[in-house]
Amino acid sequence: MILNSLSKFFWRRISFLFTFSALCMLIVSVTYFAGERITSAGTDAGKDTAATPKDEITVIIDAGHGGRDGGASTEDGVLEKHLNLAVAKKVQALLSCADVNVVMTRESDIMLADEDSSHKKRDDLNARLHMADAYENCIFVSIHMNKFPVAKYSGLQVYYSKNHAGSALLADTIQEKTAAFLQTGNSRITKAADDSIYILHNIKVPAVLVECGFLSNPEEAALLQTESYQNKLAAVICASVLEYLESAE
Ligand SMILES: [Zn+2]
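### Some words on helix H5 (residues 165-182)
Thinking step 1. Between the first and last C-alpha of H5 there are 26 Å, a value that for 18 residues agrees with the 26 Å anticipated at 1.5 Å per step.
Thinking step 2. Among the residues of H5, those classed as buried are Ser167, Leu170, Ala171, Thr173, Ile174, Gln175, Lys177, Thr178, Phe181 and Leu182.

The structure is reproduced here in structure tokens:
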């Protein structure tokens with residue numbers, strides 16, 4: 001199948017080159033080889049949705065925060081919500097090129113809650129969580145940026161939901177590809193989310209939250225604001241999702 005050969009093609013290339021330029025090739029490959037639709041052997045009986053055929057996986061890309069919820073910020077005031085959306089849109093573009101059905105929780109700077117709600121943050125998180133209910137067969141990928149009181153810490157880290165076995169597999173795939181191709185010094189391991197990560201704690205489908213890097217680390221914060229690094233992040237996430245979807249077939 002075309003995805004098999006696609007996957008072998010670009011990972012063989014990346015293994016051979018071991019450079020960031022290979023990641024650029026990956027972006028080109030994903031873009032160029034838009035082809036066969038990714039399907040899954042999902043068997044759960046459930047509600048039909050008008051949006052997608054029954055057996056097609058939908059990838060929900062969640063750009064964390066938005067609107068009055070800016071999330072974390074860099075030392076000079078760049079808000080996490082903008083960086084999350086920038087990376088999420090790049091992941092959306094790459095996956096769409098590979099003919100994957102993608103849904104975004106937000107595509108602009110908004111909070112998913114009514115202005116007059118007295119529980120805006122909780123409403124916002126529930127709205128994102130409940131988007132997964134609309135699709136019989138979906139996975140959920142949330143994009144965030146990290147922050148810590150000590151500036152020296154850096155590196156991408158993936159959290160996963162304990163409610164579905166697929167979550168850890170997808171998280172490990174993203175973490176491993178990051179260490180292999182994006183941050184060779186990154187020895188972080190994936191972590192199961194506890195109830196402090198509301199969406200992952202409550203969602204039922206395969207779900208991960210990618211903390212792309214630390215806004216509290218000046219060097220990494222600067223990198224995270226560049227288009228080229230955002231492209232590399234998106235390429236790693238996209239390739240990992242494609243590999244996960246293929247393994248789930
Ligand atoms: Zn966040």
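### Structural notes on the pairing of strand S4 (residues 157-160)
Thinking step 1. Judged by which residues are buried, S4 turns out to be covered on both faces: Gln157 and Tyr159 on one side and Val158 and Tyr160 on the other are all buried.
Thinking step 2. Summarising the sheet, S4 and strand S5 (residues 191-192) pair through two bridges and their orientation is parallel. Looking across to S5, one finds that Tyr159 is bridged to Lys191.
Thinking step 3. Where the polypeptide runs from S4 across H5 and back to S5, its parallel neighbour, the crossover connection is right-handed.

### Some points on the packing of helix H3 (residues 80-97) against helix H8 (residues 227-247)
Thinking step 1. Two numbers describe how H3 lies on H8: the axes approach to 8 Å, and their chain directions differ by 50°. The pairing of H3 with H8 is recorded here as oblique in orientation. In the packing of H3 onto H8, the handedness of the crossing is right-handed. Contacts between H3 and H8 involve Ala86, Val87, Lys90, Val91, Leu94 and Leu95 from the former and Gln230, Asn231, Leu233, Ala234, Ala235, Ile237, Cys238 and Val241 from the latter.
Thinking step 2. By residue class, the composition of the contact of H3 with H8 is 11 nonpolar, two polar and one charged.

### Thoughts on the packing of H5 against H8
Thinking step 1. Put simply, H5 and H8 touch, their axes get as near as 9 Å, and they point 135° apart. Relative to H8, the element H5 lies oblique. In terms of crossing hand, the pair formed by H5 and H8 is right-handed. Residues Leu169, Leu170, Thr173, Ile174, Lys177, Thr178, Phe181 and Leu182 of H5 lie in contact with H8, whose contacting residues are Lys232, Val236, Ile237, Ala239, Ser240, Glu243 and Tyr244.

### Observations regarding unusual backbone geometry
Thinking step 1. Of note, His65 is a non-glycine position whose phi angle comes to about 65°, a positive value.
Thinking step 2. Its location among the elements puts His65 in the loop between strand S1 (58-63) and H3.
Thinking step 3. Of note in this structure, Asp99 is not a glycine but carries a positive phi near 65°.
Thinking step 4. By the element assignment, Asp99 lies in the loop between H3 and strand S2 (101-104).

### Topic: the environment of Ala248
Thinking step 1. With respect to the secondary-structure elements, Ala248 resides in the segment after H8.
Thinking step 2. Here the alpha-carbon distance between Ala248 and Gly166, two residues 82 residues apart in the chain, equals 8.4 Å.

### Section: the environment of Ala193
Thinking step 1. One can find Ala193 in the loop between S5 and helix H6 (198-202).
Thinking step 2. Considering only alpha carbons, one finds Ala193 and Leu209, 16 residues apart in sequence, at a separation of 8.9 Å.
Thinking step 3. Once residues within four sequence positions are removed from consideration, Ala193 is found in contact with Tyr159, Tyr160, Ser161, Lys162, Leu200, His201 and Leu209.

### Points about the nonpolar core
Nonpolar side chains tend toward joint burial in soluble globular proteins.
Thinking step 1. Within the largest apolar cluster, 60 residues are counted, with the highest numbers of intra-cluster contacts made by Val141, Val208, Val210, Ile237 and Cys238.
Thinking step 2. Considering every element that reaches this core, the biggest residue donor is H8, with 11 residues.
Thinking step 3. The contact partners of Val141, leaving out residues within four places of it in the chain, are Val59, Ile60, Ile61, Asp62, Val208, Val210, Ile237 and Val241.

### Considerations on the sheet that holds S5
Thinking step 1. The strand order S2-S1-S3-S6-S4-S5 describes an open sheet built from six strands, whose pairing is mixed. Strands with a single pairing partner mark the edges of an open sheet, and in this sheet they are S2 and S5.
Thinking step 2. The pairing of S1 with S2 spans four bridges and is classified as parallel. Its bridge partner being in S2, Ile60 is matched across the sheet by Val103.
Thinking step 3. Packing against the sheet, H5 makes contact with strand S3 (138-146), S4 and strand S6 (207-214), and its axis sits at approximately 175° to S4.

### Let's talk about the confidence of the model for the protein chain
Thinking step 1. Taken as a whole, the protein chain shows an average pLDDT of 85; of its residues, 78% reach a score of 70 or greater.
Thinking step 2. Confidence drops under a pLDDT of 50 for residues 11-20, and excluding neighbours within four residues, the segment shows seven contacts in the predicted structure.

Analysis parameters
- Per-chain numbering applies: the sequence of each chain, read as written, is numbered from 1 onward.
- A pLDDT threshold of at least 70 governs which residues receive local features in this predicted model, and a stricter bar of 80 or more applies before side-chain atom pairs are shown or counted, although totals over entire chains, interfaces and linings include all residues.
- Counting from the N terminus, the helices are DSSP H or I runs at least four residues long and the strands are E runs at least two residues long.
- Working rule for helices: expected span equals 1.5 Å times residues minus one.
- Any residue whose C-beta has 12 or fewer other C-beta atoms within 10 Å is treated as exposed, any with 20 or more as buried, and any in between as partly exposed, C-beta atoms being built from the backbone.
- By the convention used here, strands pair only if DSSP detects at least 2 bridges between them.
- When the strands point away from the viewer, a crossover counts as right-handed if the route from the first strand across the helix to the second turns clockwise.
- Angles run from 0 to 180 degrees between N-to-C directions of axes, and those axes are lines fitted to C-alpha atoms, restricted for helices to the stretch in contact.
- An angle below 35 degrees is read as roughly parallel, one above 145 as roughly antiparallel, one from 65 to 115 as roughly perpendicular, and any other as oblique.
- Crossing handedness: left-handed means the near helix sits turned counterclockwise from the far one by under a right angle, and right-handed means the same turn made clockwise.
- In this description, any two residues whose backbone-derived C-beta atoms lie within 7 Å of each other are considered to be in contact.
- Gly is put with the polar residues, along with every residue not named as nonpolar or charged; the nonpolar set is Ala, Val, Leu, Ile, Met, Phe, Trp, Tyr, Cys and Pro, and the charged set is Asp, Glu, Lys and Arg.
- For this analysis, nonpolar core means a set of buried Ala, Val, Leu, Ile, Met, Phe, Trp, Tyr and Cys residues linked through C-beta atoms within 7 Å.
- For every residue, the predictor states its confidence as a pLDDT score lying anywhere from 0 to 100.

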